[in-house]
Amino acid sequence: MPDVTRLPVGAASGRIAIVHLGLGAFHRAHQAIYLERYRQRSGDAAWGVSSANLRSSVGLVDALREAGHRYHVVEYANRESVTVREIGVIEEALFTGRDEHGQWGRDREALLARMASRETRIVTLTVTEKGYFLSPASGELLADAPMIAADIATPAAPRTAPGILVEALRRRRDSGLAPFTVLSCDNMPDNGQRTRTAVIQLAERGDAALAEWIAAEVAFPCSMVDRIVPAMTDADFARLSELGVEDPNAVVCEAFAQWVIEDDFPQGRPAWEADGVEMVAEVAPFETMKLRMLNGSHSLLAYLGALDGIETVFEAVSHDDLKVLLRRYMLEEAAPTLTMPEGTDLAAYAEQLLARFANDSLRHRLQQIAMDGSQKLPQRWLQGAEARLAEGEGAPCIALGVAAWIRYTAGADLGGRPLAVDDPLAGRLAALHARYGDDIPALVAAFLAVEAVFPPALAVDASFAEAVTNAYTTLTQHGLAGALISLGRA
Ligand code: NAI
Ligand code: CS2
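This structure is a prediction, so every number in the text was calculated from the model and none was measured. (Residues numbered from 1 in each chain as written. Chains lettered and ligands numbered in written order. Predicted model: local features only at pLDDT ≥ 70, side-chain atom pairs only at ≥ 80, totals over all residues. Heavy atoms only, no water.)

A. Region of interest: helix α18 (residues 440–448). Taken together, the buried positions of α18 are Ile440, Leu443, Val444, Ala446, Phe447 and Leu448. Against the buried residues of α18 lie α16 (396–408), α17 (426–436), α19 (456–459) and α20 (462–489). (Buried < 20%, exposed > 50% of the residue type's maximum accessible area, 1.4 Å probe, protein only. Helix = DSSP H or I, 4+ residues; strand = E, 2+ residues; numbered from the N terminus. Contact = heavy atoms within 4.5 Å.)

Encoded structure:
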């Protein structure tokens, strides 16, 4: 039986000043933890959260309501050391997605009213990279996406995160209220500015004056967020039962957490620095370091491991040759592209990441990380590869990763077992396999030509295309072991 520390919930309830879009596992195990710590330490009950799920099942929202919006976060430092926290800072749960009858927006008006109320001062988001409806390569709004087109047509009944933000800000402007601060907590580079782009470019489609007001008045600070929070599995719930935690809304995560935020909150914020939040003038170096070193390594494990029939991060990083690959990728291809504050030890950071990945008390499925690759790879690998090539350097680890991602999108592993390709571009990528599947150079060229994912500089770089083609060929002919041996010679 592990050593269990139990931390009860703090104040019974408080006032709502934060609205969250994207009620999911990460929000419950990261932002909510910091706010619970703040509330318990300071006694200030003013920064409660109304949390909304815009898309996925209404089940979590209704289950949270039934539990009085309380749930548990179970932090595993390792198998022997566990902290069980009860969280009470979420005061309201709302659902605006499509219900089982195909109806959208059950609680949309409640959400918009909450966002338009004077008490709301911050809106945070974890809606996944695809929830912003931005081109992963260009960062521009995907105005032709059906959901965005619908929000342009009916702005008062929005379904997307950008649409909800625009409508709520319109209502605040029209009632003479100052706006709220918009804080993205998604894994995107420059996430605050990308959120700003989505909101302003959407507003411009219907109300230029509103777009100008947003551009002039609304703060969109960037933040770097970090905590490994795997999607719950039945095995996780069974494990929690053994700890006496019977909670359908519980989440499991590692002990490590980090939140680095640009300090730009005109309407105020919690004084959460004492609870571990790092307030800085500029987040970009921390964001880029984490996205390329942690998330870039995660995606290498996800595609290479899944192709070899491996299921979890822990199992993948237990393969010495994959651990060697990660070290090489982090130190030879990611670290040289980073500009960090004086004294930052990237080699030590790399070892810390490998230790976190090796946490055998988490079942972090590679399939979850492999999801939405078209939305993730630009910031995790491709921008770094572009920087390396611009310096006249190679990026063989990234080329192998791209080859593995291309092969993954075929929908089967190297043994022919089916793989779930959960990606906004899944249909388009499957069509490329159907058309070019046996002609590897043509298949790779077709993937590199997908402008929504690959920057033009990579698409036209013959050496990169050749490296990806060779890696793809070796993967399919000699498997993961062969590809890693071949890489070792590169
Ligand atoms: P989750 O699956 O538990 O929750 C995802 C949330 O996003 C749900 O509320 C879902 O309804 C919403 N969503 C999905 N597609 C959407 C769309 N098109 N429009 C609006 N909402 C949409 O996933 P989780 O673990 O909460 O992760 C969410 C995001 O948090 C990630 O994509 C990432 O950006 C960030 N994050 C996650 C970490 C983790 O380890 N889970 C760690 C660091 C960041
Ligand atoms: C993971 C991230 O699912 C994924 O893509 O790489 O959610 C990862 O767990 C977090 O960024 C860690 O902070």
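B. How the structure looks around helix α7 (residues 191–204). An ideal rise of 1.5 Å per residue puts 20 Å on 14 residues; α7 measures up with 20 Å between its terminal C-alpha atoms. Counting buried residues in α7 gives ten out of 14 residues, a clear majority hidden from the surface. Buried within α7 are the following residues: Asn191, Gly192, Arg194, Thr195, Ala198, Val199, Ile200, Gln201, Leu202 and Ala203. (Expected span 1.5 Å × (residues − 1).)

C. Representation of the nonpolar core within the structure. Ranked by size, the top nonpolar core spans 82 residues in total, and within it Met293, Trp381, Trp405 and Phe464 carry the most contacts. If you count residues domain by domain, this core takes at least three from each of domain 1 (3–280) and domain 2 (284–489). Once you skip the residues sitting within four places of it in the chain, methionine 293 turns out to touch Thr288, Tyr329, Met330, Ala334, Leu338, Leu346, Tyr349, Ala350 and Leu353. Listed in part, the 39 residues of the second largest apolar core include Trp104, Leu125, Leu210 and Phe220. (Core = buried A, V, L, I, M, F, W, Y, C linked by side-chain atoms within 4.5 Å. Domains from an automatic or database assignment.)

D. Representation of the packing of helix α4 (residues 108–115) against helix α6 (residues 161–174) in the model. In contact at an axis separation of 9 Å, α4 and α6 are set at 50° when each is read in the N-to-C sense. Classified by the angle between their axes, α4 and α6 sit oblique to one another. Seen from above, α4 lies across α6 with right-handed handedness. Between α4, through Glu109, Leu111, Leu112, Ala113 and Met115, and α6, the contact on the second element is made entirely by Ile164, Leu165, Glu167, Ala168, Arg171 and Arg172. Classifying every residue of the contact of α4 with α6 by side-chain character gives seven nonpolar, no polar and four charged. (Axes fitted to C-alpha atoms, helices over the stretch in contact; angles between N-to-C directions. Parallel < 35°, antiparallel > 145°, perpendicular 65-115°, else oblique. Left-handed = near helix turned anticlockwise from the far one by under 90°. Nonpolar A, V, L, I, M, F, W, Y, C, P; charged D, E, K, R; others polar.)

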